[in-house]
Amino acid sequence: MKPFRFRAAAALDLRRRQEQDAATDLARAEGELQALEARVRQAEQARRHAQQQLITVEREGSDAGTLMWHRNWIVRLTHDLTACRQRVDGQAEVVRQAERRWREARQRRLALERMYERALRRHRQDQQREELKVIDELARLRYVAAEAWRDDQ
């Protein structure tokens, strides 16, 4: 019997590469999201620090220019924080899309692997049937030979 050959082996290899590429893209997107989330935490901390500085300056009593400078500083930090949060939201969408692409690539790979397994199972069953035929034929030949030998004696 011929050795097993999966005709869609090239497609299966392609699907595996596509899944691996999608997983790499997903990991990269998740890494960028984590970096952006860390930047948001830093921006929040900077704004809290600026607000505490403003409270300190107000307690100590300061001129209007210094108070205005601190308030403008907090406004800028708040603007930066809002911009960071928007980037996080955008990157979260990128992560969702990358995860969807990875899941689709995984499903396509799994479908081909199931086809491979079914084809391999059918091939092995066919092999086993062929082996059983050969064994049956050998048993029949032995029986016929033994009967012929008995008849000769």
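Calculation criteria
- Residues numbered from 1 in each chain as written.
- Predicted model: local features only at pLDDT ≥ 70, side-chain atom pairs only at ≥ 80, totals over all residues.
- Heavy atoms only, no water.
- Helix = DSSP H or I, 4+ residues; strand = E, 2+ residues; numbered from the N terminus.
- Rg over C-alpha atoms; globule rule 2.2 N^0.38 Å.
- Buried < 20%, exposed > 50% of the residue type's maximum accessible area, 1.4 Å probe, protein only.
- Contact = heavy atoms within 4.5 Å.
- Areas by Shrake-Rupley, 256 points an atom, 1.4 Å probe, with all protein chains shown as cover.
- Lys, Arg positive; Asp, Glu negative; His and termini not counted.
- Charge placed at Lys NZ, Arg CZ, Asp CG, Glu CD.
- Polar contact = N/O pair within 3.5 Å; in protein donor to acceptor, adjacent residues only side chain to side chain.
- Salt bridge = Lys/Arg side-chain N within 4 Å of Asp/Glu carboxyl O.

**Examining the overall build of the protein chain**
Phase 1 of the analysis: The secondary structure content of the protein chain amounts to two helices and zero strands.
Phase 2 of the analysis: Relative to a compact globule of 153 residues, whose C-alpha radius of gyration would be 15 Å, the protein chain shows 36 Å and is clearly more extended.
Phase 3 of the analysis: Overall, the C-alpha framework of the protein chain stretches about 130 × 25 × 15 Å when taken along its three principal axes.
Phase 4 of the analysis: Expressed as a percentage of its 153 residues, the buried residues of the protein chain come to 20%.
Phase 5 of the analysis: For the protein chain, the share of sequence-separated contacts (at least 6 apart) that also reach a separation of at least 24 residues comes to 81%.
Phase 6 of the analysis: On the protein chain, roughly 11,800 Å² of surface is accessible, and the fraction owed to carbon and sulfur atoms is 50%.
Phase 7 of the analysis: In the protein chain, 33 positive and 26 negative side-chain charges are present, and the distance between their average locations comes to 3 Å.

**Examining the environment of His 70**
Phase 1 of the analysis: One can find His 70 in helix H2 (residues 64–152).
Phase 2 of the analysis: Residues His 70 and Met 1, 69 residues apart in the sequence, show an inter-C-alpha distance of 85 Å.
Phase 3 of the analysis: Among all residues touching His 70, those that are not within four sequence positions of it are Gln 53, Leu 54 and Val 57.

**Looking at the side chain of His 123**
Phase 1 of the analysis: Within the element layout of this structure, His 123 appears in helix H2.
Phase 2 of the analysis: Here Phe 4 takes part through its backbone nitrogen, which lies 3.4 Å from a polar atom of the side chain of His 123.
Phase 3 of the analysis: Apart from the residues lying within four places of it in its own chain, the contact partners of His 123 are Met 1, Lys 2, Pro 3 and Phe 4.

**Brief notes about the pattern of salt bridges**
Phase 1 of the analysis: Scanning the model with the defined rule gives 15 salt bridges in all.
Phase 2 of the analysis: A salt bridge links Asp 25 to Arg 28; the shortest N-O distance between them is 3.1 Å. Of the two residues, Asp 25 and Arg 28 both sit in helix H1 (residues 9–60), three residues apart, roughly one turn of that helix.
Phase 3 of the analysis: One continuous salt-bridge network, built from bridges that share partners, spans Asp 13, Arg 16, Glu 19, Arg 109 and Glu 113.

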